[in-house]
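Listed below are the residues making up each chain.
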Number of protein chains: 2
Amino acid sequence: MPVPFDLTLYFVTDHRQPIEQTVDITRAAVAGGVTMVQLRKPEAHGRQLLEEALALKAVLAGTGVPLIVNDRIDVAHAAGADGVHVGQSDLPAAAARAILGPDAIIGLSSVTPEEMAAIDPAAVDYVGIGPFAATTTKGDAGDALAIEGTRHACRLSPVRMVAIGGITETNAADVATTGVEGISVVSALSEASDPRAAAHRLRAAFETGRG
Amino acid sequence: MPVPFDLTLYFVTDHRQPIEQTVDITRAAVAGGVTMVQLRKPEAHGRQLLEEALALKAVLAGTGVPLIVNDRIDVAHAAGADGVHVGQSDLPAAAARAILGPDAIIGLSSVTPEEMAAIDPAAVDYVGIGPFAATTTKGDAGDALAIEGTRHACRLSPVRMVAIGGITETNAADVATTGVEGISVVSALSEASDPRAAAHRLRAAFETGRG
């Protein structure tokens, strides 16, 4: 069984920012209520990604907030991260489970009903579903699912769900009505003038909507 | 201890070619005397690289020629490849050993005396040294080492060595005089009109030079 984790407010780092800035934003955002952190930098080589993962791990030490590495299972292993998040064009989740073991947190990006039906709950701990709305940080994210699409995906999913893509303080309460356990954001925190306050407001909005 | 391997003629696949072409070239080149194969496609996502590794593994089944995956330790693990080859900007070789275990073949690209001095023979089974001459298939390969530079690197290395970069039928005999155990080529096979005959000639040239 994977270590316990809380999907309520899941910060995915902004690949356009240098690691020093990501570290500062992450520290503030966790102080404001972020419950999980994912390092995502698709253009980084393995050595750089490992160094950035270790920097974030140091920031998160003692907070109880898990560190997830996007795509690179080998980097997650080398960094001693808590898990990995894979997309449909990355290695299968089962490959991540085989390398990282039963305690790792393994997330999967999934959108279509076919992808939902193929999910193996033994390999996948949560699914990221999106984009909820239009997003600026991921060019290939596809059409927005909105409330109905997200709700439909939640009914199909055999595992826990987090919504991602275009989520802001304005729509976070709406997202909460779909059945997802949490919201995942990039720019709502990475571009916030005060990431700590922004995290607090995002979390409050989601929890209000959840009722 | 890693499985036995023979560095004499090491084919690194051409990332500019589709996998169907790579498979055909590999099959012919192995029939002509290739002793190791490395799948290198830096631009491929994990899922695609896994599929290509499995295709090459099928070609190599029963030949005794090991399959090495470039960079991605996780893909090497998922494919059941024989090992991985990492560069200085990839994950450390020790990370590969930790994931792939004692039987895996782990190669490292290394050039400078500082890089040579840092090699841990417990993690690294062979070093690829280069470029021997000017190369067209790797833009960031650096200045040519030529015979003297390669010979010097061989004296510094605590592990087995293979030369790479700009090696052809014309210079393969010269390379053999430097102390490396073998030659690694991309375009000398991937662009050959008859990869089987080209492999045979490359191997013969190297073995003649080795004396």
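Residues numbered from 1 in each chain as written. Chains lettered and ligands numbered in written order. Predicted model: local features only at pLDDT ≥ 70, side-chain atom pairs only at ≥ 80, totals over all residues. Heavy atoms only, no water.

Caption draft 1: Examining the sheet that holds strand S8 (residues 182-185) of chain A more closely. All names here are of chain A. Strand order in this closed barrel of eight strands is S1-S2-S3-S4-S5-S6-S7-S8, and the pairing throughout is parallel. On average, adjacent strands in this sheet sit at an angle of 25° to one another, irrespective of strand direction. Both strand S1 (residues 9-12) and S8 contribute to a ladder of three bridges, which runs parallel. Looking at S8, one finds that Leu 9 is bridged to Ile 183. (Pairing = 2+ DSSP bridges. Helix = DSSP H or I, 4+ residues; strand = E, 2+ residues; numbered from the N terminus. Axes fitted to C-alpha atoms, helices over the stretch in contact; angles between N-to-C directions.)

Caption draft 2: Layout of the packing of aromatic side chains. All names here are of chain A. By the definition in use, this model includes four aromatic pairs over all chains. Considering the side-chain rings of Tyr 10 and Tyr 126, the 5.7 Å spacing of their centres and the 70° angle between planes classify their relative orientation as edge-to-face. With Tyr 10 in strand S1 and Tyr 126 in strand S6 (residues 126-129), this pair connects stretches of sequence that are 116 residues apart. The same class applies to Tyr 10 and to Tyr 126, which are both buried. Taken together through their ring pairs, the aromatic side chains of Phe 5, Tyr 10 and Tyr 126 make up a single cluster. (Phe/Tyr/Trp six-rings, centres within 6.5 Å; stacked < 30°, edge-to-face > 60°. Buried < 20%, exposed > 50% of the residue type's maximum accessible area, 1.4 Å probe, protein only.)

Caption draft 3: Local environment of the interface of chain B and chain A. In this complex, chain B contributes 21 residues to the contact, which on the side of chain A involves 21 residues. At the boundary of chain B with chain A, total buried surface from both sides reaches about 1600 Å², with 57% on carbon and sulfur atoms. Here chain B is connected to chain A by two salt bridges. Here Arg 72 of chain A and Asp 71 of chain B are joined by a salt bridge, their closest N and O atoms 3.4 Å apart. Summed over the shared surface of chain B and chain A, the number is 11 residue pairs in polar contact (both at pLDDT 80 or more). (Contact = heavy atoms within 4.5 Å. Buried area = accessible area lost by both parts, 1.4 Å probe. Salt bridge = Lys/Arg side-chain N within 4 Å of Asp/Glu carboxyl O. Polar contact = N/O pair within 3.5 Å; in protein donor to acceptor, adjacent residues only side chain to side chain.)

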